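Fold and geometry: a report
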Amino acid sequence: MSGTTLGPWLRRYQHRPAAAVRLLCFPHAGGGAGTFRAWDVLLPPSVELVSVQYPGREDRFADPLVDDMDELTAQVAAAIARIIDRPYLVFGHSMGSAVAYETVQRLRRYGVPEPDWLFVSGRPAPGDVTGGDVHLRDDDGLCAELGRLGGTDDVVLADPELRRAVLRYVRNDYRLIETYRPTPAAALSCPVAVLRGGDDPELSADQAHGWARTTTGKLDVRTFPGDHFYLVPQRRAVVATIVGKLDPVLARAPHGWPSTP
């Protein structure tokens with residue numbers, strides 16, 4: 001599993017074979033694996049970053065889009081199951097939070113151990129948000145939504161060719177998340193950390209605590225300065241929060257996955 005590509009669904013920007021832990025990251029709607037590339041240099045050598053690459057963007061631009069949560073998570077989970085040979089953490093932002101949650105549930109059905117922590121960001125718990133019509137709007141309406149949330153360069157949306165290319169997969173992602181309905185499942189047992197921007201219109205402090213229903217483990221809610229894309233200017237603080245959850249002994253372990261009682 002050397003190199004940066006672990007098949008079509010996963011990207012690794014720095015191979016760390018001695019890392020004690022993997023951090024699996026799920027991008028937001030319209031985002032790609034490269035969203036998390038800047039995190040890599042902020043992580044200690046004990047943590048190897050692996051990002052999920054949805055089709056239709058970045059180096060998968062020509063691949064067919066997937067607009068169904070079950071189909072998406074089935075393929076992502078199958079790819080992840082092949083690399084789970086040590087403890088792992090999962091982080092998802094916005095749409096990525098829902099994809100991450102459903103992927104962890106599917107991995108559990110495959111008999112894969114749950115992550116040491118599930119980090120969700122910028123989205124209420126599954127079942128607390130249903131439906132939406134953004135994917136049905138015209139291009140101007142879709143651009144208005146992107147402008148409301150921020151995170152998309154105005155230069156991209158101002159260029160007609162780039163705008164068409166971007167809106168193609170952005171609309172697909174909105175269709176996926178707006179038609180998604182959670183799969184009935186037992187609560188997870190892993191701890192869940194909810195990260196949010198203090199001015200995020202998509203996730204209030206009260207909504208963040210709704211994630212408690214998804215686990216029998218601990219719930220931790222952290223608020224950072226910023227809006228829906230707080231994690232860009234707060235990158236260092238977010239990565240420090242994630243790394244701070246590691247067991248110090250586990251973080252120092254040079255190889256393998258210690259057995260659990």
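Quick summary incoming for the structure in this document. (Residues numbered from 1 in each chain as written. Predicted model: local features only at pLDDT ≥ 70, side-chain atom pairs only at ≥ 80, totals over all residues. Heavy atoms only, no water.)

Considering the packing of aromatic side chains
Quick note on the threshold: Each Phe, Tyr or Trp ring, with Trp reduced to its six-membered ring, pairs with another whose centre is within 6.5 Å; inter-plane angles below 30 degrees give stacked pairs, above 60 give edge-to-face pairs, and intermediate values give tilted ones. By the criteria applied, helices consist of DSSP H or I runs no shorter than four residues and strands consist of E runs no shorter than two, each listed in order from the N terminus. Relative accessibility decides the category of a residue: with a 1.4 Å probe and only protein chains considered, values under 20% of the type maximum give buried, values over 50% give exposed, and everything between is partly exposed.
Within the structure shown, the criterion is met by six aromatic pairs. Ring geometry for Phe36 and Phe91: centres 5.9 Å apart, planes at 80°, overall edge-to-face. Of this pair, Phe36 sits in the loop between strand 2 (21-26) and strand 3 (47-52) while Phe91 is found in strand 4 (residues 88-93), placing the two residues 55 residues apart along the sequence. Accessibility assignment for this pair places Phe36 and Phe91 in one class, buried.

Observations concerning the packing of helix 1 (residues 69-81) against helix 2 (residues 95-109)
To be explicit about the condition: For helices, the axis comes from a line fit to the C-alpha atoms of the stretch in contact; other axes are also lines fit to C-alpha atoms, and the angle between any two N-to-C directions lies between 0 and 180 degrees. Note that the term roughly parallel is reserved for angles under 35 degrees, roughly antiparallel for angles over 145, roughly perpendicular for angles of 65 to 115, and oblique for everything else. Crossing handedness is defined as follows: a turn of the near helix away from the far one that is anticlockwise and smaller than a right angle gives a left-handed crossing, while the clockwise case is right-handed. In what follows, residue pairs with any heavy atoms lying within 4.5 Å of each other are defined as contacts.
Taken N-terminus to C-terminus, the directions of helix 1 and helix 2 make an angle of 60°; their axes are 9 Å apart at the nearest point. Here helix 2 runs oblique to helix 1, going by the angle between their axes. Crossing of helix 1 over helix 2 shows right-handed handedness. Together, Met69, Asp70, Leu72, Thr73, Ala74, Val76, Ala77, Ile80 and Ala81 of helix 1 and Ala98, Val99, Glu102, Thr103, Arg106 and Leu107 of helix 2 make up the contact between the two elements.

What about the packing of helix 3 (residues 139-149) against helix 5 (residues 160-179)?
Geometrically, a packed helix pair is captured by the angle between its two axes and the distance between the axes. How we decide: Lys, Arg, Asp and Glu make up the charged group, whereas Ala, Val, Leu, Ile, Met, Phe, Trp, Tyr, Cys and Pro make up the nonpolar group; the residues left over, Gly among them, are polar.
Put simply, helix 3 and helix 5 touch, their axes get as near as 11 Å, and they point 80° apart. Taken together, helix 3 and helix 5 sit at an angle that is classed as roughly perpendicular. Counting all contacts with helix 3, which are made through Asp139, Asp140, Leu142, Cys143, Glu145, Leu146 and Leu149, the residues of helix 5 involved are Arg163, Leu167, Val170, Arg171 and Tyr174. Within the contact of helix 3 with helix 5, the residues separate by chemical class into seven nonpolar, no polar and five charged.

Re unusual backbone geometry
One non-glycine residue, Glu58, lies in positive phi territory at about 50°. For Glu58, a relative accessible area of 43% gives the class partly exposed.

Some thoughts on the pairing of strand 6 (residues 192-197)
The condition is simple: Two strands make a pair as long as DSSP finds a minimum of two bridges between them.
Along strand 6, six of the six residues are buried, which leaves the element largely enclosed by surrounding structure. Across the two faces of strand 6 the burial is the same, with Val192, Val194 and Arg196 and Ala193, Leu195 and Gly197 all buried. In this sheet, strand 6 lies alongside strand 5 (residues 117-121) in parallel orientation, the contact comprising four bridges. Bridge pairing in strand 6 places Val120 opposite Val194. In this structure, strand 6 lies alongside strand 7 (residues 219-224), joined through six bridges in parallel fashion. Of the residues in strand 7, the one forming a bridge with Gly197 is Phe224.

Comments concerning the layout of surface pockets
Applied cut-off: The pocket and cavity definitions rest on a 1 Å grid over protein atoms only: a 1.4 Å probe that fits but cannot leave marks a cavity, an open set with protein on both sides within 12 Å along at least five of seven lines marks a pocket, and residues lining either have an atom within 4 Å of a point. Grid points are joined across faces, edges and corners, and a volume is the space filled by probe spheres set on the points.
When its volume is computed, the largest pocket comes out at roughly 820 Å³. Every residue lining the largest pocket is counted, 42 residues in all, and those nearest its centre are His28, Ala29, Ser94, His228 and Phe229. Sorting the residues of the lining of the largest pocket by element identifies helix 3 and helix 5 as the ones contributing at least two each. The biggest single contributor to the lining of the largest pocket is helix 5, with six residues.

What to know about the sheet that holds strand 2
In spatial order, the strands read 1-3-2-4-5-6-7; together these seven strands make up an open sheet with mixed pairing. Both outer strands of the open sheet, strand 1 (10-11) and strand 7, are each paired with one neighbouring strand and no more. Sheet analysis places strand 1 next to strand 3, joined by two bridges and oriented antiparallel. Bridge pairing in strand 3 places Arg11 opposite Ser51. Sheet strands in contact with helix 1 are strand 1, strand 2 and strand 3, and its direction is about 165° off that of strand 2. Sitting on the sheet, helix 7 (residues 235-243) touches strand 2, strand 4, strand 5, strand 6 and strand 7, and the angle it makes with strand 7 is about 165°.

Section: empty space enclosed by the protein
Within this structure, the stated rule accounts for one cavity of 30 Å³ or more. Of the pockets and cavities examined, the largest cavity occupies roughly 60 Å³. Residue lining of the largest cavity: Tyr54, Pro55, Arg57, Leu65, Val66, Leu72, Met95, Asn172, Asp173 and Leu176, and that is the complete set. The residue inventory of the lining of the largest cavity, partitioned by class, reads seven nonpolar, one polar and two charged.

Topic: the pattern of salt bridges
We count it as follows: Every case where a carboxyl oxygen of Asp or Glu lies within 4 Å of a side-chain nitrogen of Lys or Arg is listed as a salt bridge.
Overall, the coordinates contain 17 salt bridges when judged by the stated rule. Of the charged contacts in the structure, one is a salt bridge between Glu48 and Arg12, with a shortest N-O distance of 3.4 Å. With Glu48 in strand 3 and Arg12 in the loop between strand 1 and strand 2, this pair connects stretches of sequence that are 36 residues apart. Like Arg12, Glu48 is buried. Between Asp70 and Arg106 there is a salt bridge, with its nearest N and O atoms 4.0 Å apart. Linking Asp70 in helix 1 with Arg106 in helix 2, this pair joins segments that are 36 residues apart in sequence.

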